[in-house]
Amino acid sequence: KRVFEDMKALGRRYVEAACRGENIGFSNMHQLLTDIAQGTKKQVPCGAGLGMLAVDKEGDLHLCHRFVGSDQPTYGNVDRGIDVPKLARFIETAQDRTEFGCKTCRIRSICAGGCYHESYARQGDAFAPVYHYCDLMRDWVDFGVEAYVRIMQANPAFFRTQLEPRLARPGAAQPRPAQELAR
Ligand code: SF4
């Protein structure tokens with residue numbers, strides 16, 4: 001909670017600067033505003049198992065580096081190759097959160113279920129939301145919506161000059177999710 005409060009303190013500085021036409025470079029705020037401005041609709045929370053796998057010392061493939069050393073399933077091996085059907089089943093299941101609170105959550109399009117490893121570590125299930133983080137995330141996204149409106153009223157050109165060029169830049173670095181920062 002304290003980390004999120006400090007992120008909001010930094011976020012307020014970001015908004016003040018944006019209203020003056022300056023960008024202080026707080027990348028989490030920048031990403032949140034980009035998602036809000038573009039109407040992002042995520043199907044899965046992150047690139048684990050999609051754009052990324054992690055390899056352990058035996059050569060086995062995990063969803064991401066955090067799952068290395070866990071008792072969670074692996075998805076192939078560097079010698080045998082990626083177990084695509086197994087990975088596909090995981091990703092398909094990740095998109096169906098109907099049995100959890102995500103079903104009716106107002107930030108589902110931006111969060112998409114939260115960090116798999118955080119869920120596994122806290123709830124024993126890679127798909128089960130960590131609900132105390134959910135409250136913090138909803139508060140953070142609400143903060144972002146307020147920030148978006150404030151900047152839009154004071155200096156709408158900010159989005160054109162600061163967000164759109166960043167979106168157009170191939171391979172632009174993505175910030176770590178707020179959930180990860182709060183760990
Ligand atoms: S904040 Fe929680 S309930 Fe909402 S989409 Fe994310 S994980 Fe699901």
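Going by the structure above, here's the rest.
Residues numbered from 1 in each chain as written. Predicted model: local features only at pLDDT ≥ 70, side-chain atom pairs only at ≥ 80, totals over all residues. Heavy atoms only, no water.

This next bit is on the overall build of the protein chain. When helices and strands are tallied, the protein chain shows 8 helices and 4 strands. Seen in sequence order, the protein chain has helices and strands lined up from the N terminus as α-α-β-β-β-β-α-α-α-α-α-α. In the protein chain, which comprises 183 residues, the share counted as buried stands at 45%. Here the contacts in the protein chain between residues at least 6 apart in sequence split such that 59% fall between residues at least 24 apart. Of the roughly 10200 Å² of accessible surface on the protein chain, 50% is carried by carbon and sulfur atoms. (Helix = DSSP H or I, 4+ residues; strand = E, 2+ residues; numbered from the N terminus. Buried < 20%, exposed > 50% of the residue type's maximum accessible area, 1.4 Å probe, protein only. Contact = heavy atoms within 4.5 Å. Areas by Shrake-Rupley, 256 points an atom, 1.4 Å probe, with all protein chains shown as cover.)

Let's shift gears to the site of the ligand. In the vicinity of the ligand, the contacting residues are Gly101, Cys102, Cys105, Ile107, Arg108, Cys111, Gly113, Pro129, Cys134 and Arg138. Of all the secondary-structure elements, those providing two or more residues to the shell around the ligand are α4 (108–111) and α6 (131–154). (Near = heavy atom within 4 Å.)

Before going further, it helps to examine the packing of helix α1 (residues 2–19) against helix α2 (residues 27–38). Angle between the axes and distance between the axes: these two values describe a pair of packed helices. In contact at an axis separation of 9 Å, α1 and α2 are set at 70 degrees when each is read in the N-to-C sense. Relative to α2, the element α1 lies roughly perpendicular. On α2, the residues that touch Met7, Gly11, Tyr14 and Val15 of α1 are Asn28, Met29, His30 and Leu33. Considering only residue class, the contact of α1 with α2 consists of 5 nonpolar, 3 polar and no charged. (Axes fitted to C-alpha atoms, helices over the stretch in contact; angles between N-to-C directions. Parallel < 35°, antiparallel > 145°, perpendicular 65-115°, else oblique. Nonpolar A, V, L, I, M, F, W, Y, C, P; charged D, E, K, R; others polar.)

Formed by 27 residues in total, the largest nonpolar core has its most connected members in Tyr14, Met29, Leu33, Trp140 and Ile151. Elements that contribute at least two residues to this core include exactly α1, α2, α4, α6 and α7 (157–168). The leading source of residues in this core is α6, at 9 residues. In contact with Leu33, other than residues within four places in its own chain, are Tyr14, Gly144, Ala147, Tyr148, Ile151, Phe159 and Leu163. By size, the runner-up hydrophobic cluster in this structure holds 17 residues, among which are Val44, Leu63, Phe67 and Ala128. (Core = buried A, V, L, I, M, F, W, Y, C linked by side-chain atoms within 4.5 Å.)

Moving on to the side chain of Ser119. If you trace the backbone, Ser119 turns up in helix α5 (residues 116–123). Since its relative accessible area comes to 1%, Ser119 is described here as buried. When residues no more than four places from it in sequence are discounted, the contact partners of Ser119 are Gly113, Gly124, Asp125, Ala126, Phe127, Ala128, Pro129 and Val130.

Let us look at the environment of Val15. Residue position: Val15 is located in helix α1. A relative accessible area of 3% places Val15 in the buried class. Val15 sits 14 residues away from Met29 along the chain, and the two C-alpha atoms are 9.1 Å apart. The contacts of Val15, once residues within four sequence positions are left out, are Met29, Ala147, Arg150 and Ile151.

Turning next to the packing of aromatic side chains. A full pass over the atoms with the stated rule returns 10 aromatic pairs. The ring centre of Tyr75 lies 5.4 Å from the NZ or CZ of Lys86, which sits over that ring. (Phe/Tyr/Trp six-rings, centres within 6.5 Å; stacked < 30°, edge-to-face > 60°. Lys NZ or Arg CZ within 6 Å of the ring centre and 35° of its normal.)

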